[in-house]
Structure formats: C-alpha cells, structure tokens
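Letter by letter, the chains look like this.
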Amino acid sequence: MKKFFVSLVLFASFFKARADEGMWLPMLLGKQVYADMVKRGLKLTAEQLYAINKSSIKDAIIIFGGGCTGEIVSNQGLIFTNHHCGYAAIASASSVADNYLKDGFYAANKDQEIETTLTVQFLDKIVDVTSEVEAGLKGLSWEERTKKLADVFQTITDKVADKENGKAGRIYSMFKDNQYIMYVYQTYRDIRLVGTPPESIGKFGGDTDNWEWPRHTGDFSVFRVYAAKDGKPAAFSKENSPLKPKYHLPVSIKGFKEGDFAMIYGYPGSTNRYETSYGIKLKIDLENPALVALRDMRLKNMYAEMVKDPAVKLKLASSYAGIANYWKFFDGESKQLLKFNTYATKQAYEQKFSAWAKGKTEYEKIMSDYSKNYTAWTPYSKHRQYLREGILGSPLGAFASSLIGLEAAMVKTGATGADIKKAADAANSQRNAFLQSEDKPSDVKILAAVAFAFYKDIDKSQHPIGFYEKLKAAYGDPREEASYKKWAEAVFANTIIFNDAKWNAFIASPDANVLQADPAFDFSASFVKNYNTKYASLFTVFTNKNNELGRSYVKGIMEMNPAAVNKMYPDANSSMRVSYGNVKSYKPRDAAFYDYVTTSKGVLEKYKPNDYEYDLPLKQLELFKKKDFGQYIDKAKNDLVIGFITTNDITGGNSGSPVINANGHLIGLAFDGNYEALSHKIEFDKDLNRTINVDIRYVLWCIDKLGGASNIINELTLIK
Ligand code: ARG
C-alpha cells in the first residue's frame, strides 16, 4: 500500500513539474489539458476556450502581419499587439518631421488613423487532414513524397470554400510529418495604425534589456481592422468601416497576484523539442557562433550610422531590430544549452531509445543514420551560414544576388524580348525598394568585412573559383583587411546599381555582358552560384534525410511511451496554440531572486537622460514622480505595475499575444522570453522558463494618462 502511494505521488509530481510546458492545439484542449487548466485556476468552460459554431476566445486572436500575434479588444475591430510587431509600420508611417517612432502617436478619431500595408488573419476552423494527405502520398518513397507534398496540400486547400471572402487553408505538418492539420484563415487587408507610445517607452531598454527580466518596456501598439460595409475583407478604402468582430477580449484592470492562472493564445513560430544531440552539437559548434559573429559585425556598422542621423535611424531601424533580436537569441541559446548540458541529456535519451529500438527494423538504425547524415553535411555548414548571414547580409550583396534571375532570363536559349523585359522591369522595381532602404556608409564596410571573413574562415577548397585571385590582382593581398576596403569602395563607386544613368540604359536594353561585368553582381553571383552548384544539393539531401529520420524518430517515441501520447504536443510551426501556467517569480542563479512584477520605481532607476536605450518622455517622469497612476494603480503595491512574468511556454511569433486570466480577461501582452531559459526552442526549462509580459494597466496608462487618448480607453470593455 505504501509503495503504491509513493509511486502515485512520483507520477503526479512528474506531470506537475512538466505542467507548464506545452503549446497545445486549441481544438484538443478539452481532450488533453482542460481538466488540469481548471485545477490550476481556470474558470471558463472548454467551449469558451475554443468552439466552431459559436464565438469563443479563439475568435479574438489574430495573426498580425508576417510573424506576430494580435488580439481584438473592442467591438470596433481595435487591435492590441506589441510595439516591436508594429515597428516596421510605425517607422514607415514616420518621417523626420512627423516622427511617430520617436515621439509616439494617437489618432484622436478614426479619420486620423493611418493606412498601412499590414494584413491580419482570423482563424475560421481547424481540420485534421492526415488521411487525405496520406492517401495522396501512398506508396511513394521519401524523396517522391517530399516532391509531391506541396501539390497534395494544394489539392486539399483548393477545396476550401469562400475564397472571394479572403478564406484560405494552410496545412501544417505536426509531430514531424506524423500528422497534418489544416487551419482555415480569413485575411483582412485594411489595417490602420491607431496609436503607439514613443520608442523610448515601446522599446525602453533596447537591445541591452532584450531577452531579459527584470524588464520595464511598454511593448505595445494599437491598430484597427477595417472591412467593406458588408463586413467582408477589402483593400484600403475611405469607404470601409471598422470590422465588427465575432468576439473581443474584455480588459481587466483589477490586477493579479503571484500564483494566479495565466493562459496565452498565439502563433508560436518554431521549436524543435525533438532535436537530436547531433543537431545540438552542430548548432553549438558551428551554426550559432558563425551567425552571432557575422551579425555582430553588421550591427556595429549599422549602429555607427544610425546614432549620427535620425533619417538613417528611421531607414535602418526595423532591419536593425530584426538582426539584433536573433543575434542575441542565438548567442544566449548556445550559452543556455551548454549550461543545461542539453547535449548530454539528449544523448542519454537517444541511448535509451536505441536500446528500445534494438531488433525493430523500422527504428533500430535511426541514430546511426542521424550520425552519418550529420557527418556528411558538417564540413559545409559554416559555408552556408557565411553565405546567408555574410555575403547576403550585405544589403548590396543581397540585392545584387537577386539579379541572378534577370541574368538567367537573358541567357536562356529561346528567351523572348517580352520575357527579358518582364524580368528587367521586376529588377527595376526591386532596385527602387532597395535604394530606399540602402545606407551606403554602413554597407560599404559590411561588404568589405564579409568578403574578408569568408576568405579567412571558410575552407579554401570551398571558395568560389577566381574571385579572390581577381581581388588580389587589383586590390592587394587577400590576407590583408586593407585590400577589402579598397575593393568594396571600388564596387560601390563602379556598380551600375548606384548609377541611375547606367542602370536606366541597362534596363532599357538589357545586356548580359553589362550585368556580368558589374562588380557588385560579379561578387554576389560568384558566391551564390558556387554554393548553388556545389553545395545546395548536399544541403537538400541532408534536410530530406533529417526529415525522414525525424518522422520515424517521433513515431518511435510515441510507440515507446504509449501512455504519454495524450500528453504530447507538436512543435511550434506558426499554427495557433494555447499555453497555460501561473504568474511566478524565480531564482535566476545562486543567491539571486527575481520578483514577478516590475514597477514604475524600476523605470526611474533605469532612466538615463538622452541615452539611446534608456531615455524617457519628460511628461512620464513628471507623472511617475507625482505617482499619478489613476485607475491603473496596483493597490497592493501602491505603484504602477509595468511588466510581469508567467511560466507559460511560448516562443517567437507569440509576440503580441494576449495574457488572459482565469476569467477570460486580458491582463497583459506577452513580448519576450527570459535569458536564463533561451534554450527554450530545444528544451523547456521547468524551473527557469518565463514569459515576459507588459501589464495591460501600464499599456492603458500610457494611452490614457500620457497619450491623452481616452477615445481608445472608452472603446474597451473594462473590468474594474
Ligand atoms: N525578443 C523579443 C522577441 O522576439 C523582441 C523584442 C524586441 N525588442 C528589442 N529590444 N529588440 O520576440
């Protein structure tokens, strides 16, 4: 009896310890975790979480732009998301004269809302299409399967009705191709900027605080979705009206305390929790360090120009933020994986798996095949990273490489004048976009540095034939940095890409010889073609094999642990997920304690006048010093709460996601993960993992008290 009791306790604590891990499929909540959610504090029915025939919380959650989440917070289509999600739209709505990025902006009425090029997508329904997909792939080898998959998907998504109303299906592979699920979305195309705090609030702490707690960033922005008069999606038009949504989230300003239930809906982009020790080793040894070093160099060169000139800052801000975000992420990821010794943990698990797989033909060779596959690809992995993050990390390098398509159109036998003209026109409009975003002073330095880095760090046998020889002949010793400076300056001075007269003449009568003689094209095309002809196919073989092995591996894991299958969740893949947990403090390292909230006091402590990352609007300082927090004050703390942390399992793509309390009310916006658990794409740390959120009361304080936009507050369903 006693023994039985002990093992039950162990079993229970195993699940309890892991309970916060998991990005659950919304339609399976009822089957998988609803009971546990209730135990943890949830006060809603399973139908309120997700339903298809009536409105439920899922109807308020949208894909915002390309890679973020947003939520509907009023019956007039008002959207809350992160500042860093609205960042590109805010920057492009800004000019040096009307600098909304710097100074903030609130539309006082709907006429002042600003058109953007953003789209948002609402989730209509979710359908398991595994058997249909498998029927279309029956009897095929893995290679044939890989080739046919997109067509099979297309046949299924083509059947989705109501295309004229913006509906479309997208099929996601779950559990590494063991299951296929289609999500049907409705896309709206008239999205307007309603409000944003100044960048000093929306990005307070900048890249120094990014991926870190304690945090004091007001990472929010406000948009609105518009529709045609009949409620259907439409392109921007003055005639459109605010969308009347199926559901919007009520907003609670009642606050919360440590331990309170919190759930997060959203669109996490990618995780790889079934990654093998082989993948982790490649990442830590080669992929991450290469990416981090190249980005570090690019960022330094961009930053040096951005601080000098507000126009350059506006031009580069969004690109800089994106590069910086994953520069710090991948650096931190390696450090945390090493700290947790994830490599050894995975190896131990793989040994257990192989022992189980012994004698089972389907599974017994998986690990040795992984090993062979990684051994074959590893010598080229750094090359690939130096191409993507180096050669193509120079904006000129990236644009020049896009002209390879034009070259192909020109030299193709039987190419008609019309084909060539079409390719030339496309190149011309791409050039216009490129010139708008190009900052020459930083890019010329980046170009020199990436060509030099490739020379030094990549095995000579993999260099493009002829490139460094030509450089040597014209500009000096390729082992010397100075040669690259001279070369890069000559490229910038002589390329037709920066010369309107020569470029226009070329576009008017495209000539392959002119393009091939261009120094920017020559550079970029040498490296890209070298990779494409010699190494790209090896990478395809490597990826296909990994995918094939991954499918069997996950299937094997399920067979090995049949009782645990109902507690498994698929890797993040940009499909909607729900995660749940609690508001909770943590101990980041020995003797240190991190509280679960930050307050206005901490904002003042971090404040540095005129600093690039820690400056503040003067009005904010005044109001904070007076403790003028209005109805947004946290009574227990007698302060304004700025940020808080929860144990939820989220990742990039969840940015802007609503943090929802036990009653279904919005209490914050998720915007980051903590440094101590940056291994989270590969391994969720049950003790240290935290989601970093901006408190909705700080968001409303910024809009109302600082921004004076009571019109926005009045639209919300406030729970006081
Ligand atoms: N680390 C955040 C995330 O991915 C982005 C934060 C943006 N802020 C910044 N300082 N770069 O999703």
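Positions within a chain are numbered from 1, following the residues in the order the chain's sequence is written. Only residues with pLDDT of 70 or above have their local features reported here, since the model is predicted, and side-chain atom pairs are shown and tallied only from 80 upward, although totals for entire chains, interfaces and linings are computed over all residues. No hydrogens and no water enter the side-chain calculation; it runs on all heavy atoms of the structure.

## Brief notes about the overall build of the protein chain
Basically, it comes down to this: Per the convention used, a helix needs a DSSP run of H or I reaching at least four residues, while a strand needs a run of E reaching at least two, with both numbered from the N terminus. Each radius of gyration reported is based on C-alpha atoms, and the globular scaling rule is 2.2 Å times the count of residues to the power 0.38. Summary of the burial criterion: residues with accessible area below 20% of their type's maximum are buried, those above 50% are exposed, and those between are partly exposed, where the area comes from a 1.4 Å probe applied to protein chains only. In this description, contact between two residues means that some pair of their heavy atoms is separated by no more than 4.5 Å. Only the protein chains shown count as cover for residues, and the accessible areas themselves come from Shrake-Rupley with a 1.4 Å probe. Think of it this way: Lys and Arg go in the positive column, Asp and Glu in the negative one, and His and the chain ends go nowhere. Think of each charge as sitting on NZ of Lys, CZ of Arg, CG of Asp or CD of Glu.
Scanning the protein chain from terminus to terminus reveals 28 helices and 20 strands. Taking 2.2 N^0.38 as the reference for a compact globule, 720 residues should give roughly 27 Å; the C-alpha atoms of the protein chain span a radius of gyration of 27 Å, in line with that estimate. Across the 720 residues that make up the protein chain, the buried fraction comes to 55%. Here the analysis covers contacts within the protein chain between residues at least 6 apart in sequence; of these, 78% occur between residues at least 24 apart. When the accessible area of the protein chain is evaluated, it comes to approximately 31100 Å², of which 54% is carbon and sulfur surface. With 94 positive and 84 negative side-chain charges, the protein chain shows a separation of 4 Å between the mean positions of the two kinds.

## Here we look at the nonpolar core
What counts is decided by this rule: In plain words, nonpolar cores are sets of buried Ala, Val, Leu, Ile, Met, Phe, Trp, Tyr and Cys residues tied together by side-chain atoms within 4.5 Å.
Of all hydrophobic cores here, the largest spans 199 residues; its most connected members are M37, F80, Y183, M263, L700, W701 and I703. The biggest single contributor to this core is helix 18 (residues 440–457), with ten residues. With residues up to four places along the chain from it excluded, the contact list for I703 reads F80, Y106, F220, V222, G708, A709, I712 and I713. Ranked by size, the runner-up nonpolar core spans twelve residues in total, among them F153, I156, V160 and M182.

## Description of the state of the cysteines
Our working rule: Any two cysteine sulfur atoms lying within 2.5 Å of each other are counted as a disulfide.
Applying the stated criterion across every chain, the model contains one disulfide. Cysteine C702 shares no disulfide, and the gap to the nearest cysteine sulfur, in C85, comes to 17 Å. By relative accessible area, which is 2% here, C702 ends up buried.

## With respect to helix 23 (residues 519–534)
Convention followed: To estimate how far a helix should reach, multiply one less than its number of residues by 1.5 Å. Whenever two N or O atoms come within 3.5 Å, that pair is a polar contact, provided that in protein one can donate a hydrogen and the other can accept it, and provided that, for residues adjacent in sequence, both atoms are side-chain atoms.
The terminal C-alpha atoms of helix 23, which comprises 16 residues, lie 22 Å apart, in line with the 22 Å expected from a rise of 1.5 Å per residue. When we look at burial in helix 23, the residues that qualify are A520, F521, F523, S524, A525, S526, F527, V528, N530 and Y531. Its side-chain oxygen at 3.0 Å from the backbone nitrogen of A520, D518 defines the N-terminal cap of helix 23.

## Focus on the environment of G405
Mapped onto the secondary structure, G405 falls in helix 16 (residues 404–411). Using a relative accessible area of 45% as the deciding quantity, one classes G405 as partly exposed.

## Remarks on the site of the ligand
What counts is decided by this rule: Any residue with a non-hydrogen atom lying within 4 Å of a molecule or strand is treated as near it. Three classes are used: nonpolar for Ala, Val, Leu, Ile, Met, Phe, Trp, Tyr, Cys and Pro, charged for Asp, Glu, Lys and Arg, and polar for all others, with Gly counted as polar.
H84, K203, G206, D207, N210, W211, N325, S655, F671 and D672 make up every residue found near the ligand. Here a nitrogen atom of the ligand sits 3.0 Å away from a polar atom, N or O, in the main chain of G206. A distance of 2.7 Å separates a nitrogen atom of the ligand from a polar atom in the side chain of D672. Protein contact buries 94% of the 340 Å² of open area that the ligand shows by itself. Among the secondary structure elements, those contributing two or more residues to the shell around the ligand are helix 10 (206–209) and strand 18 (666–673). In terms of residue class, the shell around the ligand is built from two nonpolar, five polar and three charged.

## Notes on the packing of helix 11 (residues 277–306) against helix 14 (residues 366–389)
Put simply, the test is: Helix axes use the C-alpha atoms of the stretch in contact, all axes being lines fitted to C-alpha atoms, and the angles between their N-to-C directions lie in the range 0 to 180 degrees. Each angle receives one of four descriptions, namely roughly parallel if under 35 degrees, roughly antiparallel if over 145, roughly perpendicular if within 65 to 115, and oblique otherwise.
Where helix 11 contacts helix 14, the two axes come as close as 9 Å, and the packing angle between them is 5°. By the angle class used here, helix 11 and helix 14 are roughly parallel. Each of Y278, G279, L282, L286, E287, A290, L291, L294, R295 and R298 in helix 11 lies in contact with helix 14, whose residues at this interface are M367, Y370, S371, Y374, W377, T378, S381, K382, Q385, Y386 and E389. A class-by-class count of the residues in the contact of helix 11 with helix 14 yields eleven nonpolar, five polar and five charged.

## Regarding helix 8 (residues 142–158)
Helical geometry: 3.6 residues make up each α-helical turn, so side chains three or four residues apart lie on a common side. Filter applied, for reference: One fitted axis covers the seven residues ending at a residue, a second covers the seven starting there, and the bend at that residue is the angle between these axes.
Look at helix 8: 24 Å from first C-alpha to last across 17 residues, which is about the 24 Å you get at 1.5 Å a residue. Its maximal kink placed at K148, helix 8 deviates by approximately 45°. Turning to helix 8, its buried residues are W142, R145, L149, V152, F153, I156 and T157. Elements in contact with the buried residues of helix 8: helix 7 (130–137), strand 7 (167–174), strand 8 (179–188) and helix 24 (536–560).

## Remarks on unusual backbone geometry
Each neighbour pair has its own omega, and for W213 with P214 the value is 5°, a cis peptide bond. For D162, which is not glycine, the phi torsion reads 75° and is therefore positive. Here D162 shows up in the loop between helix 8 and strand 7. Since its relative accessible area comes to 28%, D162 is described here as partly exposed.

## As for the packing of helix 18 against helix 20 (residues 481–494)
We count it as follows: A crossing counts as left-handed when the near helix is turned anticlockwise from the far one by less than a right angle, and as right-handed when that turn is clockwise.
Where helix 18 contacts helix 20, the axes come no closer than 9 Å and their chain directions differ by 135°. Taken together, helix 18 and helix 20 sit at an angle that is classed as oblique. Here the hand of the crossing between helix 18 and helix 20 comes out right-handed. Where helix 18 approaches helix 20, its residues K440, D443, V444, L447, A448, A451, F452 and Y455 are matched on the opposing element by E481, Y484, K485, W487, A488, E489, V491 and F492. Per-class residue counts for the contact of helix 18 with helix 20 are eleven nonpolar, no polar and five charged.

## A few points about the side chain of R298
Structurally, R298 can be placed in helix 11. Setting aside anything within four residues of it in sequence, one finds R298 in contact with I323, E389, G393 and I446.

## Here's the deal with the pattern of salt bridges
Two side chains carrying opposite charge are able to pair once their charged atoms lie near each other. Put simply, the test is: We count a salt bridge whenever a side-chain nitrogen from Lys or Arg sits within 4 Å of a carboxyl oxygen from Asp or Glu.
Per the counting criterion, the structure on display carries 41 salt bridges. When the shortest N-O distance is used, the salt bridge between D500 and R431 registers 2.6 Å. Remark: R431 occurs in helix 17 (residues 417–437) and D500 occurs in helix 21 (residues 500–508); sequence separation between them is 69 residues. Here the salt bridges share partners, and the residues they tie into one network are E21, R273 and D649.

## Observations concerning the confidence of the model for the protein chain
Where we set the bar: Every residue carries a pLDDT, the predictor's confidence in it, which falls somewhere between 0 and 100.
Looking at the protein chain, pLDDT values average 96 and 97% of them are 70 or higher. The low-confidence segment residues 1–17 (pLDDT under 50) makes two contacts with residues lying over four places distant or belonging to another chain.

## Describing the packing of aromatic side chains
The criterion, for reference: Note on ring pairs: Phe, Tyr and Trp rings are taken, using the six-membered ring of Trp, and paired if centres are within 6.5 Å. Classes follow the plane angle, with under 30 degrees stacked, over 60 edge-to-face and the rest tilted. Any Lys NZ or Arg CZ that is within 6 Å of a ring centre and within 35 degrees of that ring's normal is treated as a charge sitting over the ring.
Summed over the entire model, instances satisfying the criterion amount to 52 aromatic pairs. Directly above the aromatic system of W356 lies the positively charged group of K360, at a separation of 4.3 Å from the ring centroid. Taking NZ or CZ as reference, K460 lies 4.4 Å from the ring centre of Y455, over its face.

## Looking at the environment of K339
Mapped onto the elements, K339 comes out in helix 12 (residues 310–340). Under the relative-accessibility criterion, K339 is labelled partly exposed at 45%. If sequence neighbours within four positions are ignored, K339 has contacts with E676 and L688. Of note is the side chain of K339, whose polar atom sits 2.6 Å from the side chain of Q336.

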